[in-house]
Amino acid sequence: MDLSLSTETMGDRTIVRVGGEIDVYTAPKLREQLVELVNDGSFHLVVDMEGVDFLDSTGLGVLVGGLKRVRAHEGSLRLVCNQERILKIFRITGLTKVFPIHTSVEEAVAATD
Amino acid sequence: MATVELRFSALPEHVRTARLVAAAVARRAGVDEAVLDEVRLAVGEACTRAVGLHQHGGISAPVKVLLIEEEKLFSIEVGDEAPHATPGRGASGDGPGTDVETEEDEMGLAVISGLVDDVEVSAGEQGGSIRMRWPTVPPATLLA
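Presented here is an overview of the structure given in this document. Since we're looking at a predicted model, the values are computed, not measured.

Residue and element names in this part refer to chain A. Viewed as axis vectors pointing N to C, helix H1 (residues 27–39) and helix H2 (residues 57–71) meet at an angle of 10 degrees, and their least axial separation amounts to 9 Å. The angle between H1 and H2 falls in the class roughly parallel. Of the residues in H2, those in contact with Ala27, Leu30, Arg31, Leu34, Val35 and Val38 of H1 are Thr58, Gly59, Val62, Leu63, Gly66, Arg69 and Val70. Classifying every residue of the contact of H1 with H2 by side-chain character gives eight nonpolar, three polar and two charged.

All buried positions along helix H3 (residues 84–92) of chain A are accounted for by Ile86, Leu87, Ile89 and Phe90 of chain A. Seen end-on, H3 of chain A carries its buried residues on one side only, within an arc spanning 150 degrees. Contact partners of the buried residues in H3 of chain A: strand S3 (44–55), H2, strand S4 (76–80) and strand S5 (101–102) of chain A together with helix H2 (36–57) of chain B. Count one or two residues on from H3 of chain A and you reach Gly94 of chain A, which has phi positive near 75 degrees.

Moving on to the interface of chain B and chain A. Contact with chain B, which involves 17 residues of that partner, is made by 19 residues of chain A. Between chain B and chain A, the buried area comes to about 1,500 Å², and carbon and sulfur atoms account for 61% of it. Here Glu38 of chain B makes a salt bridge to Lys88 of chain A, at a shortest N to O gap of 2.3 Å. Where chain B packs against chain A, one counts six residue pairs in polar contact (both at pLDDT 80 or more).

Take the packing of helix H1 (residues 15–29) of chain B against H2 of chain B next. Residue and element names in this part refer to chain B. Closest axis-to-axis distance for the H1/H2 pair is 9 Å, and the angle between their directions is 145 degrees. The interaxial crossing formed by H1 with H2 has right-handed handedness. Along the contact surface, H1 presents Val15, Ala18, Arg19, Ala22, Ala23, Ala26 and Arg27, while H2 presents Leu36, Val39, Arg40, Val43, Gly44, Cys47, Thr48 and Val51. Class assignment of the residues belonging to the contact of H1 with H2 gives a composition of ten nonpolar, two polar and three charged.

On to the pairing of strand S5 (residues 127–135) of chain B, then. All names here are of chain B. Of all nine residues in S5, eight are buried, a share of seventy percent or more. Sheet topology places strand S3 (residues 73–80) next to S5; eight bridges connect them, and they run antiparallel. Within S5, the position partnered with Gly79 by the bridge is Ser129. In this sheet, S5 lies alongside strand S4 (residues 118–124) in antiparallel orientation, the contact comprising seven bridges. Of the residues in S5, the one forming a bridge with Val121 is Ile130. Between the end of S4 and the start of S5, which pair antiparallel, lie two residues.

Throughout the structure, instances matching the rule amount to 17 salt bridges over all chains. Across the pair Arg19 of chain B and Asp23 of chain A runs a salt bridge, and its minimum N-O distance is 2.9 Å. With one member in each of two chains, Arg19 of chain B in helix H1 and Asp23 of chain A in the loop between strand S2 (13–22) and H1 form a pair that bridges those chains. Taking the relative accessible area as the measure of exposure, Asp23 of chain A reaches 2% and is therefore buried. The residue Arg131 of chain B makes a salt bridge to Glu70 of chain B at a minimum N-O spacing of 3.5 Å. Of this pair, Arg131 of chain B sits in strand S5 while Glu70 of chain B sits in strand S2 (residues 63–70), and the two are 61 residues apart along the sequence. In this structure, a network of salt bridges that share partners links the residues Glu21 and Asp23 of chain A together with Arg16 and Arg19 of chain B.

Below, the discussion takes up the nonpolar core. Met49 and Phe90 of chain A together with Ile76, Val78 and Met132 of chain B are the most contacted members of the largest nonpolar core, which totals 62 residues. No other element matches the nine residues that H2 of chain B contributes to this core. Within the second largest apolar cluster, five residues are counted, among which are Ile15, Val46, Val80 and Val105 of chain A.

To continue, consider the sheet that holds strand S1 (residues 3–10) of chain A. Residues and elements named next belong to chain A. Across the sheet, which stays open at both edges, the five strands sit in the order S1-S2-S3-S4-S5 with mixed pairing between neighbours. Of all strands in the sheet, those bounded by a partner on one side alone are S1 and S5. Where S1 lies against S2, eight bridges are found, and the strand directions are antiparallel. Bridging across to S2, Ser4 finds its partner in Gly19.

Definitions and cut-offs
- Residues numbered from 1 in each chain as written.
- Chains lettered and ligands numbered in written order.
- Predicted model: local features only at pLDDT ≥ 70, side-chain atom pairs only at ≥ 80, totals over all residues.
- Heavy atoms only, no water.
- Axes fitted to C-alpha atoms, helices over the stretch in contact; angles between N-to-C directions.
- Helix = DSSP H or I, 4+ residues; strand = E, 2+ residues; numbered from the N terminus.
- Parallel < 35°, antiparallel > 145°, perpendicular 65-115°, else oblique.
- Contact = heavy atoms within 4.5 Å.
- Nonpolar A, V, L, I, M, F, W, Y, C, P; charged D, E, K, R; others polar.
- Buried < 20%, exposed > 50% of the residue type's maximum accessible area, 1.4 Å probe, protein only.
- Arc of directions from axis to C-beta.
- Buried area = accessible area lost by both parts, 1.4 Å probe.
- Salt bridge = Lys/Arg side-chain N within 4 Å of Asp/Glu carboxyl O.
- Polar contact = N/O pair within 3.5 Å; in protein donor to acceptor, adjacent residues only side chain to side chain.
- Left-handed = near helix turned anticlockwise from the far one by under 90°.
- Pairing = 2+ DSSP bridges.
- Core = buried A, V, L, I, M, F, W, Y, C linked by side-chain atoms within 4.5 Å.

See below:
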């Protein structure tokens, strides 16, 4: 399965819905999307990963890169994920401390800290 | 000889194929269903790393994956042909890209070592390999 990406704006937040597999082949597309959003002035991103079937360290690297970019503009990058197998990758790499991870897009959009 | 041996051109698009094949062979070998996600992720990380090493080193040789069914064990060995001389390889002229590549390489290894209890990473001038092993359950349990 390839990667699917779509975006939606909610107030000052931009939701990036990701579906499929994020790996060494598809991660560059996600990177391009995040870079484009930041270049266009979207600095508060919510990446909805509920449709993601597979995530590897290349994908983690892209998300960390996205976080660095939005932080340079005092922005935020929040994740929405309830899937244990995806959350596990964030836990073993210690990235649960780096990314705010929410259970729903609504919760992520409402978060302010 | 390996139960299944896979060789693929060092291109990112083939890593998914390696993951799928490894997971299918692992399932048949009797690796617990609950662990198959880990097998898929670990072999993907190892292949991603090998592809990166071949691409950055300009190595045209394929990446090799050995899937080996042993008694009560299933092993996967991912081999690359990149010479691993010293940690500071590719020093001058590579620019800032080298650091990013090293970081990604380390992140991949961090994921593998976090996922797999039994893992050996070896590297030499002829290339390197990552060998990972998982226990298998007897077929009787599978049928139950």
